[in-house]
Number of protein chains: 4
Amino acid sequence: MKKYSFKNDYSEMAHPLILEALASVKTAQFEGYGLCSHCEEAAGLIRKKLGAPDADIHFISGGTLSNLTVISSALRPHEAVISAETGHIFVHETGAIEATGHKVCTRAGYDGKLSASDIKSVIEEHCDEHMVKPRLVYISHSTEGGTVYTKAELTAISEKCKENGLYLYIDGARLGTAMNSSACDLEYRDIAKFADVIFIGGTKLGALFGEAVAIFNDELKQDFRFLMKQRGALLAKSAAMGVQFKTLFADGLYDRLARHSIDMAAYMADGMKALGYDLLFPAQTNFVVPLLPCAVSDKLCELYDFHEWKRLEKDVAVRLVISWATQQKAIDEFLEDLKNLR
Amino acid sequence: MKKYSFKNDYSEMAHPLILEALASVKTAQFEGYGLCSHCEEAAGLIRKKLGAPDADIHFISGGTLSNLTVISSALRPHEAVISAETGHIFVHETGAIEATGHKVCTRAGYDGKLSASDIKSVIEEHCDEHMVKPRLVYISHSTEGGTVYTKAELTAISEKCKENGLYLYIDGARLGTAMNSSACDLEYRDIAKFADVIFIGGTKLGALFGEAVAIFNDELKQDFRFLMKQRGALLAKSAAMGVQFKTLFADGLYDRLARHSIDMAAYMADGMKALGYDLLFPAQTNFVVPLLPCAVSDKLCELYDFHEWKRLEKDVAVRLVISWATQQKAIDEFLEDLKNLR
Amino acid sequence: MKKYSFKNDYSEMAHPLILEALASVKTAQFEGYGLCSHCEEAAGLIRKKLGAPDADIHFISGGTLSNLTVISSALRPHEAVISAETGHIFVHETGAIEATGHKVCTRAGYDGKLSASDIKSVIEEHCDEHMVKPRLVYISHSTEGGTVYTKAELTAISEKCKENGLYLYIDGARLGTAMNSSACDLEYRDIAKFADVIFIGGTKLGALFGEAVAIFNDELKQDFRFLMKQRGALLAKSAAMGVQFKTLFADGLYDRLARHSIDMAAYMADGMKALGYDLLFPAQTNFVVPLLPCAVSDKLCELYDFHEWKRLEKDVAVRLVISWATQQKAIDEFLEDLKNLR
Amino acid sequence: MKKYSFKNDYSEMAHPLILEALASVKTAQFEGYGLCSHCEEAAGLIRKKLGAPDADIHFISGGTLSNLTVISSALRPHEAVISAETGHIFVHETGAIEATGHKVCTRAGYDGKLSASDIKSVIEEHCDEHMVKPRLVYISHSTEGGTVYTKAELTAISEKCKENGLYLYIDGARLGTAMNSSACDLEYRDIAKFADVIFIGGTKLGALFGEAVAIFNDELKQDFRFLMKQRGALLAKSAAMGVQFKTLFADGLYDRLARHSIDMAAYMADGMKALGYDLLFPAQTNFVVPLLPCAVSDKLCELYDFHEWKRLEKDVAVRLVISWATQQKAIDEFLEDLKNLR
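This one's a predicted model, so the numbers in the text were calculated from it and none came from an experiment.

Right, let's talk about the sheet that holds strand S2 (residues 56-60) of chain B for a bit. By way of backbone hydrogen bonds, the strands of a sheet pair with one another, either parallel or antiparallel. All names here are of chain B. With respect to topology, 7 strands assemble into an open sheet ordered S2-S8-S7-S6-S5-S3-S4, the strand pairing being mixed. In the strand order of this sheet, the two ends are held by S2 and strand S4 (104-107), each with one partner. On average, each strand axis in the sheet is inclined to that of its neighbour by 25°, with strand direction left out of account.

This is the structure:
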């Protein structure tokens, strides 16, 4: 039994307010399949947050299921996705997109991000009917490495997409940490302007489970409920997600949880630097990725759970993820242990 | 706003004990993706219940997702499923099985059930490589019409499957109501003897969400977690399902909820008959399907929510579903209203 | 070694004129993938034949490959096909359509044909997002039983499709025998008026291999070559098909071959009746389906190859297929043998 | 109209002996779907050539269709392919493999080849159920760049596959040019020892169309005809392919055509060098890839058809493909024109 897990931001069940909200509905009856008043109210709050009164909002139990449902609903069989090589759909979803029949075309990107010129390069390479036709760009914000897109970057990507008839889809499993990062100059309403469709993650920001898909582009709205049902993504008791997203978005809980995890990550990053450890890249959100000597990392992982990010020659970059539930004293203890390991 | 909904058995959020159990874990950390102690304990209880110590147990958020994950994991591309025409996968899952590439071969069946001779008939019809190769039999127990399989029926089906190298898969979305029906002479441990794989539904028996897949046949066990992940069926916070199934199976809650709904359905069925209404078929589980004059049905549905089952010449068969949460007074009031509508 | 095969109309390699035409190009170079002048000329002849100057014409090596490429190119994942239960795609293509992700919804039909009211019935049954959404109607003309659609029938089907936003796709593997049947009052140019897309079979009318897909509806034209390539349906040496279709359509060979097989079938049908055997249905095209006593059929199949169509109580309906190459003396001999078997 | 096309090795219809053989069968009847004596005889010749008396041999109309049928028949849904980035299935088949549901994992490779260490690297990266499971290695021999594998290379690859439970599949669209290359020290019977399955291309070595799939591993043999039919790869008049492969393999035509193209390529390569142009890599088979100044290439392509391989700073590497039908005088004229362009 280890002292604490920094493996991810979904190691705790759910924020107490979420659990209270779920319990409070008792045995009232409600419509299933996303048609209840809870879902409608939650959808209203999300639309307002995004400044997108016409967005269609759907609730899906997890991120991979959201990604495969959205992407396969948007593409004809020969159409493909453009993603960074580090994109979650390319690396960590067991070929879920390919299982729906579509190729993911990648570029290396930088800091976990895809650039407008990466998109251009994929487009130029795919010139005729012997190759797939890129049709949708997938980016994660914040990324799998905890970094964020700036307004300038997202503007450039969005323009490149529009020029080339590509949909822009944002995997917002951690949208809250991205939008509350000091490195990100975007506002929530910018998302609706730049993207065609997004999912906003609940799972990684305090919910028991559930993600909210927001569709901005009318072309992608038609028959989406059919596609959800077909992929097993139309939950019977969707009210359970409606209640959770109401709780997250009614009075700012979602952003508060995000900011807490960002603040704690910054606190840990400062502690790391104070101990003389460099970070692989700046801690923009709730990830801290320090470079530790292998020997230190090896001892540390006897006490704490975390993932290796990348093994370098002498050092190893480890990924420490701070959740909405991580308390300062867990970090203090961690830093103390780390100090003693040197 | 109607008085009550008899549309289905998942109109209420969750049994209070389930919600309490979820809340009780507070902010403890746990492993994700089905690897926590909650899931392991729940799996143990289910293995014990089924008398199947070697079964692999996996938790999936919903029934359609369970069906498509199990079925597509078991088949090569040219292999097909045999189902009754009324089977949930054939009618009400928006082609989810076909979307994974497999044909569903049907027979009319009887009372919502498939027979051993139906299976024989499909096998005989599929004779060469110009036709799909049937490989898996899908039955629902209880069925979409609320009926149940007897031990003799299931024995015959299982033997026919074994003779022909077919897997037998039971959709147990309502397994509890089937096994607690007086019309069903099967015991839980029979299930593991006859079937290769089953899912046991939580959603329709008091859980907030979640189904438990139990795999008995070793051939179907390999890499199942890969297939779950690929279909978006490996929930990050699977502990939430572990906790729920522990609650359902620790001390008989699952069966108690099933029996309550069966008893209430029997009570309603008796009331129907007392009012002079025939049932389309006997109320074996938690469904009551009376034949009502169309005029009566039309007025009734201004007061109550329910689905039509089948429109006959003068009468209409309506499907009234009783849930674990339905109280006797809701039924009394319904019968009183029905009496006054004549 | 049997005397003759009446199993199908593709038992001979190719019409001599086809083989000559192929040989005549010698070692000239040509563009691949349907872009050569042979394909363009053949396409022009087919457009003219159909009175459809704007049709897109593509050449594909076989019927199943044509069907799966066309159908999967036209549908979104949740959309389904309507077909007669006897439709080739439903029975004899090993689940090829389902393998591309789509359900085939069937009705029994009559004489191998689907009716406008069958279509209506499927549409009415599919009412919400828990069911697939019918989007394309598949009919075979002539059908798998050798019958043909009349102008009135096709008009009714086409209107039903247009009312409901359904595409109409005709499997014309044997279009020539249908259009030259005296039971069919349609002209070639009617096809382009009623259907959105068709394939015209070469394989069963004298070609070595190859079918011509003609797309009339602009919505279905976009990126079709990508979809062909993805399914393995864009043949490198497509010129081989271009040359064949030029030969078939340049001066009426296609219709002449069709008429020959129809005439020979009529001749055989008359012979059957003269011997006192009834036909299961009238010989409208190149199929003769007599009812023979089982004992007679059993002896007959020691001498000749043919398929059983349906086993009745005492009799068996056998399907005798006449090809473009079948000579009258083969039929005379067959009838003589049959006479002697009584 | 250009003087000559060096774009590929399938610009001519078919070798005269092939066309003669096809014409010679006249109107004899034969069984369809690969069951005729022509196919059986051709299969026998191929088994003998490969020293593999137990191999299953199947004929398929084209390479993409062969690749997608073989690969999708061998894999469960979560299993993936390993290929060089330059692999035909990854670049030039419009996502055909992904369309059957499978991811292709790539490594850069070298000279168009994949190495055993590339395979090791992919295996090591794929460590758990959040990632696809590599199961089949795809290599082209000769490669898309005209290079060949040596016995040492193939031995290492095969061993790496066996160690890791991976199938080895060889795309032999140009097997003949590979096996007759002086750079290749493999014998035909080595192929059956190292690979689990291969396709031997006819299209690029003088056939009108058709490829022969040879399955060595018993695990991959079961139900392959079902899978062919489902993908539209079971040609009705497969006899046409049987006749062609008999012609190619009866008395060495296949190897003679390969050697001719290799010799002519060597002749052209020498001519290039004599004119002072370097080759990007040695001409091992029937490809010549010289580095030309852009201005020269631009003028040359007004006279001749060919593809660019890669644009460098000042020069461009162009790919000149020699076919079985290319005559020395075409090359002489080309070299003369090139000389005059300087």
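Moving on: helix H3 (residues 63-74) of chain A. Residue and element names in this part refer to chain A. For H3, built from 12 residues, the straight-helix expectation of 16 Å at 1.5 Å per residue is met to within 8% by its first-to-last C-alpha distance of 17 Å. Of all 12 residues in H3, 11 are buried, a share of seventy percent or more. Taken residue by residue, H3 has Thr 64, Leu 65, Ser 66, Asn 67, Leu 68, Thr 69, Val 70, Ile 71, Ser 72, Ser 73 and Ala 74 as its buried positions.

This part is about the relation of the copies chain D and chain A. Rotating chain D by 180° about the axis while translating it 0.0 Å along that axis superimposes it on chain A, leaving an RMSD of 0.1 Å. Seen this way, the second copy is the image of the first under a two-fold rotation axis. Of all interface residues in chain D, 100% are interface residues in chain A too; the two copies therefore contact each other through one and the same surface.

This part is about the confidence of the model for chain A. Here chain A averages 96 in pLDDT, while 100% of its residues score no lower than 70. Note on the complex model: pTM 0.97, ipTM 0.97.

Our next topic: the interface of chain D and chain A. The interface is formed by 16 residues belonging to chain D together with 16 residues belonging to chain A. Per-residue buried area on chain D facing chain A is highest for D:Thr94, D:Glu98 and D:Lys103; these three make up 39% of the total on that side. Linking chain D with chain A are 0 salt bridges. Our count for the chain D to chain A interface comes out at 8 residue pairs in polar contact (both at pLDDT 80 or more). Those elements that place two or more of their residues in the side of chain D that touches chain A are helix H4 (88-91) and helix H5 (96-99) of chain D.

Turning to the side chain of A:Glu211, a few remarks are in order. Residue and element names in this part refer to chain A. Along the chain, Glu 211 turns up in strand S8 (residues 211-215). Nearest to the buried, unbridged Glu 211 among oppositely charged side chains is Lys 204, at 7.2 Å. At a separation of 3.2 Å, a polar atom in the side chain of Glu 211 contacts the main-chain amide nitrogen of Gly 202.

With that out of the way, let us pick up the packing of helix H2 (residues 37-50) of chain A against helix H11 (residues 239-250) of chain A. All names here are of chain A. Direction vectors running N to C along H2 and H11 enclose 35°, while the axes themselves pass 7 Å from each other. Viewed along their axes, H2 and H11 form a crossing whose handedness is left-handed. Between H2 and H11, the contacting residues are His 38, Cys 39, Glu 41, Ala 42, Leu 45, Ile 46 and Lys 49 on the first element and Ala 239, Gly 242, Val 243, Phe 245, Lys 246, Phe 249 and Ala 250 on the second. In terms of residue class, the contact of H2 with H11 is built from 9 nonpolar, 2 polar and 3 charged.

Taken as a whole and assessed by the stated rule, the structure comprises 42 aromatic pairs over all chains. Taking 5.8 Å as the distance between ring centres and 80° as the angle between the ring planes, the aromatic pair formed by A:Tyr10 and B:Tyr33 counts as edge-to-face. Pair noted here: A:Tyr10 is in the loop between strand S1 (4-5) and helix H1 (16-24) and B:Tyr33 is in the loop between helix H1 (16-24) and helix H2 (37-50), and the two residues belong to different chains. Residue A:Tyr10 shares its accessibility class with B:Tyr33, and that shared class is buried. Ring geometry for C:Phe59 versus C:Phe245: centroids 5.3 Å apart, planes at 40°, classification tilted. One end of the pair, C:Phe59, is in strand S2 (residues 56-60); the other, C:Phe245, is in helix H11 (residues 239-250), and 186 residues separate them in sequence. In this structure an aromatic cluster arises from ring pairing among A:Tyr4, A:Phe6, A:Tyr304 and A:Phe334. It is D:Lys193 that lies over the ring of D:Phe194; its NZ or CZ is 6.0 Å from the centre.

Attention now goes to helix H2 (residues 37-50) of chain D. Side chains that are three or four residues apart share a direction in an α-helix, a result of its 3.6 residues per turn. All names here are of chain D. Look at H2: 20 Å from first C-alpha to last across 14 residues, which is about the 20 Å you get at 1.5 Å a residue. Looking only at H2, the buried set comprises His 38, Cys 39, Ala 42, Ala 43, Ile 46, Arg 47 and Leu 50. Buried residues of H2, viewed axially, fall in a sector of 165°; they line one side. Taken together, the buried residues of H2 touch strand S2 (56-60), helix H9 (188-194), strand S7 (197-201), strand S8 (211-215) and helix H11 (239-250). With its phi angle positive at about 60°, Gly 51 sits one or two positions after the end of H2.

If you look at the interface, chain A gives 48 residues, while chain B gives 48 residues. In total, about 4000 Å² of surface goes out of reach between chain A and chain B, with carbon and sulfur atoms giving 60% of it. Counting the contacts that link chain A with chain B gives 2 salt bridges. Measuring nitrogen to oxygen at the nearest pair gives 3.1 Å for the salt bridge that ties B:Lys7 to A:Glu31.

It is worth spelling out the pairing of strand S12 (residues 307-311) of chain C at this point. Here 4 bridges tie S12(C) to strand S13 (residues 315-321) of chain C, and the two strands are oriented antiparallel to one another. Each residue of the ladder has a partner; that of C:His307, found in S13(C), is C:Arg319.

Moving on, we get to the relation of the copies chain A and chain B. Mapping between the two chain copies consists of a rotation about an axis together with a translation along that axis. The transformation that overlays chain A on chain B combines an axial shift of 0.0 Å with a rotation of 180°, and the residual RMSD is 0.0 Å. Counting the interface residues of chain A, we find that 100% of their copies in chain B are interface residues as well, pointing to one common contact surface.

This part is about the pairing of S2(B). Walk down a regular strand and you will see the side chains alternate between the two sheet faces. Residues and elements named next belong to chain B. Summarising burial for S2: 4 of the 5 residues are buried, a large majority. As defined by bridge partners, S2 adjoins strand S8 (residues 211-215) across 5 bridges and the pair is classed as antiparallel. Paired with Phe 59 across the bridge in S8 is Ala 212.

Further remarks concern the pattern of salt bridges. Residues and elements named next belong to chain B. Counted under the stated rule, the structure contains 77 salt bridges over all chains. Two residues, Glu 41 and Lys 246, come together in a salt bridge whose shortest N-O distance is 3.3 Å. Here the residue Glu 41 occupies a position in helix H2, and Lys 246 occupies one in helix H11 (residues 239-250), the gap between them amounting to 205 residues. A salt bridge links Lys 160 to Glu 163; the nearest nitrogen and oxygen atoms lie 3.5 Å apart. With Lys 160 and Glu 163 both in helix H7 (residues 151-163) and 3 residues apart, the pair spans about one turn of that helix. On the accessibility criterion, Lys 160 (15% relative accessible area) is buried. Glu 163 gets classed as exposed once you look at its relative accessible area, which sits at 57%.

All names here are of chain B. Cis rather than trans, the peptide bond between His 141 and Ser 142 has omega equal to -5°. Checked against the element boundaries, Ser 142 lands in the loop between strand S5 (133-140) and H7. With a phi angle near 50°, Asp 111 is a residue other than glycine that sits in the positive phi range. Turning to its location among the elements, Asp 111 is positioned in the loop between S4 and helix H6 (116-125).

All names here are of chain C. Mapped onto the elements of the fold, Thr 106 is located in strand S4 (residues 104-107). Separated by 22 residues in sequence, Thr 106 and Ala 84 have C-alpha atoms that sit 5.3 Å apart. If near-sequence neighbours (up to four positions away) are discounted, Thr 106 is found in contact with Ser 83, Ala 84, Glu 85 and Phe 90.

Each value, and the rule that gives it
- Residues numbered from 1 in each chain as written.
- Chains lettered and ligands numbered in written order.
- Predicted model: local features only at pLDDT ≥ 70, side-chain atom pairs only at ≥ 80, totals over all residues.
- Heavy atoms only, no water.
- Pairing = 2+ DSSP bridges.
- Helix = DSSP H or I, 4+ residues; strand = E, 2+ residues; numbered from the N terminus.
- Axes fitted to C-alpha atoms, helices over the stretch in contact; angles between N-to-C directions.
- Expected span 1.5 Å × (residues − 1).
- Buried < 20%, exposed > 50% of the residue type's maximum accessible area, 1.4 Å probe, protein only.
- Least-squares fit on C-alpha atoms with pLDDT ≥ 70 in both.
- Contact = heavy atoms within 4.5 Å.
- pLDDT = per-residue confidence, 0-100.
- Buried area = accessible area lost by both parts, 1.4 Å probe.
- Salt bridge = Lys/Arg side-chain N within 4 Å of Asp/Glu carboxyl O.
- Polar contact = N/O pair within 3.5 Å; in protein donor to acceptor, adjacent residues only side chain to side chain.
- Lys, Arg positive; Asp, Glu negative; His and termini not counted.
- Left-handed = near helix turned anticlockwise from the far one by under 90°.
- Nonpolar A, V, L, I, M, F, W, Y, C, P; charged D, E, K, R; others polar.
- Phe/Tyr/Trp six-rings, centres within 6.5 Å; stacked < 30°, edge-to-face > 60°.
- Lys NZ or Arg CZ within 6 Å of the ring centre and 35° of its normal.
- Arc of directions from axis to C-beta.

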